[in-house]
Amino acid sequence: MKFGNMKNMLLWVAVTAVAASCSSEKEVKMGTYAYDAQFLKEHGVEYKELVSADGNAKVMVIPAWQGRVMTTSASGDEGDSYGWINYRFINEGRVNPQFNPVGGEERFWLGPEGGPFSLYFKEGAEQVYDNWLVPPVIDTEAYDVKAESKSSIRFVKDTEVKNASGTTFHINIDRTVSLMDNAEVAATYGIELGGSMKVVAYKSDNKITNTGSEAWTKDKGLVSVWMLSHFNPTPTTTVFIPYNQEAEGRIVNDEYFGKIPADRLVTENGMLYFKIDGKWRSKLGMPAGRAMGICGSYDSSKGVLTILSCQLPEGQVSYVNGQWGPQDDPFAGDVINAYNDGPLEDGSIMGPFYEIETSSPGAELAPGASLVHSQQVVHIQGSEAELAPIVKKIFGADLEVIKNKFQ
């Protein structure tokens, strides 16, 4: 082979290698759905996918992790991955006997977390972190896939849990995650979705049934369905929650981990604003009288609007109180919670991430009776001009005010 031909051949190989490398990097760019899918595959985590007809909307669900929605995308494999995933913990490949914080965009839990009827502390144990223990059925145990299609998947699990007062609950868990198309989202919220918007949405129906022989009553404690959604914080993200201005009582419980500073939490004109940056550990809750069954977050840097809503029951109901330790009222709990992660006193941090959460009432159930808690998670990515009318329609809020509240 002549030197010139060899030179050309080597140049072609180099260009091809670079192109392949660039292509590979593009496919697994960190922050994309493809990156997270590859990461989980490399760590032996099997998942199911709900995918829209055009392939843009993708919902990743993991049976081994209690049927949780791990993450989603509105633009296929190359789109932003909306769920927070704890890469560091998963990389360690260990099982923590206390809690396995793998992350995930929507996970099924049971409440209450604290108080005399806590499911997370043994009877007689002081309710401090060292004694806190997440029940295996919502931490390490897999759920059985009962049915699945391209747009829906159903999980079931039989279990029993015991609260801090010694009451044992025999429970059947029945959880279905369903992909919502744009037409359903538009109809549900009474909005218009333009062709240039990127949308992914799903709903989950979470049913618990009393499979025991005794009724669940308030005097022995109740359980609730508690849905928690992890997302990625940024300096430009704000959680906003509308509240009922006509109701009596406090608007928000902002003292879960100490009082939230005024420069991080604002309540005014029927709207609560919460700064989300992953730099200050803080949690808030909105009680039943104030909650309107919906909350949102907005990341102005990426133009991502997230909506989380749940169906509120009619009539008088009791919500379990999740605060740790002694309680004045174990049934003065919250419907909606929000959490901003941040460093602990020793400087360590689990995330950072943030959560928005919804809860069902406490389940007062006779043997064989059921409670269903349904919620929807919607991500809409677009320009401010596209998102502003949606925020106004759903929340009655001004997107510009949300954007600039903490900036």
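Please refer to the structure placed before this passage.
None of the values given here were measured: they were computed from a predicted structure.

Undergrad: Honestly, the overall build of the chain in this entry has me stumped. Any pointers?
TA: Counting its secondary structure elements, the chain contains six helices and 18 strands. Classification of the 407 residues of the chain by burial places 54% in the buried group. Within the chain, counting contacts between residues at least 6 apart in sequence, those at least 24 apart form 69% of the total. For the chain, the accessible surface area stands at approximately 18300 Å², while carbon and sulfur atoms represent 50% of it. A distance of 5 Å separates the average location of the 36 positive side-chain charges in the chain from that of its 52 negative side-chain charges.

Undergrad: Is there a simple way to explain the pattern of salt bridges in this structure?
TA: Side chains carrying opposite charge are able to pair once their charged atoms draw close together. Counted according to the given criterion, the structure contains 15 salt bridges. A salt bridge links Glu-184 to Lys-203; its shortest N-O distance comes to 2.9 Å. Of this pair, Glu-184 sits in helix α4 (residues 182-189) while Lys-203 sits in strand β8 (residues 198-210), placing them 19 residues apart in sequence. The partly exposed category is assigned to Lys-203, whose relative accessible area is 25%. Beyond isolated ion pairs, a larger network of salt bridges with shared partners links Glu-49, Lys-58 and Asp-77.

Undergrad: Just to check I follow, could you spell out helix α2 (residues 33-42) for this structure?
TA: Each turn of an α-helix holds 3.6 residues, which means side chains three or four residues apart point in the same direction. Taken together, the buried positions of α2 are Tyr-33, Ala-34, Asp-36, Ala-37, Phe-39 and Leu-40. Looking one or two places after α2, you find Gly-44, whose phi comes out positive at around 75 degrees.

Undergrad: Please clarify how the environment of Gly-44 should be interpreted in this entry.
TA: The topology assignment puts Gly-44 in the loop between α2 and β1 (48-51). Residues Gly-44 and Arg-94, spaced 50 residues apart in sequence, show a C-alpha to C-alpha distance of 13 Å.

Undergrad: Just checking my understanding: could you explain the pairing of strand β15 (residues 304-310) for this structure?
TA: Within β15, seven of the seven residues are buried, which leaves it mostly tucked inside the rest of the structure. The side-chain alternation of β15 yields two buried faces, one formed by Val-304, Thr-306, Leu-308 and Cys-310 and the other by Leu-305, Ile-307 and Ser-309. The pairing of strand β14 (residues 294-299) with β15 spans six bridges and is antiparallel. Along β15, the bridge assignment pairs Ile-294 with Ser-309.

Undergrad: How do you make sense of the sheet that holds strand β12 (residues 271-276) when you look at a structure like this?
TA: Sheet strands pair by backbone hydrogen bonding; their relative direction is either parallel or antiparallel. The antiparallel open sheet is built from 10 strands, whose spatial order is β5-β6-β7-β8-β18-β15-β14-β10-β12-β11. Edge positions in the sheet fall to β5 (144-148) and β11 (265-268), since each has one partner strand and no second. Each adjacent strand pair in this sheet contributes to an overall mean axis angle of 20 degrees, direction not counted. The sheet contact formed by strand β7 (residues 168-180) and β8 spans 10 bridges and is antiparallel. Bridge pairing links Ile-173 to Ile-208 in β8. Most of the contacts of α4 go to β7, to which it runs at about 110 degrees, and overall it touches β7, β8, β14, β15 and β18 (370-381). Of the strands in this sheet, β10 (237-242), β12, β14, β15 and β18 are in contact with helix α5 (residues 384-395), which crosses β14 at around 165 degrees.

Undergrad: How should I be thinking about unusual backbone geometry in this particular structure?
TA: What is expected of a backbone is that most residues other than glycine have negative phi and most peptide bonds are trans. For the peptide bond that leads from Gly-111 to Pro-112, omega is 10 degrees, which places it in the cis range. With respect to the secondary-structure elements, Pro-112 resides in the loop between β4 (107-111) and β5. Of note, the amide linkage connecting Gly-351 to Pro-352 takes the cis form, showing an omega dihedral of 15 degrees. For Gln-66, which is not glycine, the phi dihedral falls at a positive 60 degrees.

Undergrad: Help me out: how do you make sense of the sheet that holds strand β13 (residues 282-287) in this one?
TA: With respect to topology, five strands assemble into an open sheet ordered β4-β9-β17-β16-β13, the strand pairing being antiparallel. The open sheet has two edge strands, β4 and β13, and neither has a second partner. Each strand axis lies, on average, 20 degrees off the axis of its neighbour in the sheet, ignoring direction. Summarising the sheet, strand β9 (residues 224-231) and strand β17 (residues 354-359) pair through six bridges and their orientation is antiparallel. Looking at β17, one finds that His-230 is bridged to Glu-355.

Undergrad: What's the story with the pairing of β18 in this structure? I'm lost.
TA: Consecutive residues of a regular strand have side chains that alternate between opposite faces of the sheet. For β18, the buried fraction is high: 10 of the 12 residues fall into the buried class. Looking at chain direction, β8 and β18 are connected through 12 bridges and run antiparallel. Within the sheet, the bridge partner assigned to Ala-201 lies in β18 and is Val-378. Bridge count between β15 and β18: seven bridges; the pairing is antiparallel. Its bridge partner being in β18, Ile-307 is matched across the sheet by Val-378.

Undergrad: Please clarify how the packing of aromatic side chains should be interpreted in this entry.
TA: Given two aromatic rings, their pairing is described by the distance between the two centres and the angle made by the two planes. Enumeration over the complete set of coordinates arrives at 18 aromatic pairs. Linked through ring pairs, Phe-99, Trp-109, Tyr-120, Phe-121, Tyr-129, Trp-132, Trp-226 and Trp-324 together constitute an aromatic cluster. Arg-107 extends its terminal NZ or CZ atom over the ring of Trp-109, reaching a point 4.0 Å from the ring centre. The residue whose ring lies beneath Lys-405 is Tyr-273, and the NZ or CZ to ring-centre distance is 4.8 Å.

Undergrad: Please clarify how the side chain of Ser-81 should be interpreted in this entry.
TA: Within the fold, Ser-81 resides in the loop between β3 (68-73) and α3 (87-92). Residue class for Ser-81 comes out buried when judged on its relative accessible area of 8%. Those residues in contact with Ser-81, other than ones at most four positions away along the chain, are Gly-31, Thr-32, Tyr-33, Asp-36, Thr-71, Thr-72 and Asn-232.

Rules of the game
Residues numbered from 1 in each chain as written. Predicted model: local features only at pLDDT ≥ 70, side-chain atom pairs only at ≥ 80, totals over all residues. Heavy atoms only, no water. Helix = DSSP H or I, 4+ residues; strand = E, 2+ residues; numbered from the N terminus. Buried < 20%, exposed > 50% of the residue type's maximum accessible area, 1.4 Å probe, protein only. Contact = heavy atoms within 4.5 Å. Areas by Shrake-Rupley, 256 points an atom, 1.4 Å probe, with all protein chains shown as cover. Lys, Arg positive; Asp, Glu negative; His and termini not counted. Charge placed at Lys NZ, Arg CZ, Asp CG, Glu CD. Salt bridge = Lys/Arg side-chain N within 4 Å of Asp/Glu carboxyl O. Pairing = 2+ DSSP bridges. Axes fitted to C-alpha atoms, helices over the stretch in contact; angles between N-to-C directions. Phe/Tyr/Trp six-rings, centres within 6.5 Å; stacked < 30°, edge-to-face > 60°. Lys NZ or Arg CZ within 6 Å of the ring centre and 35° of its normal.

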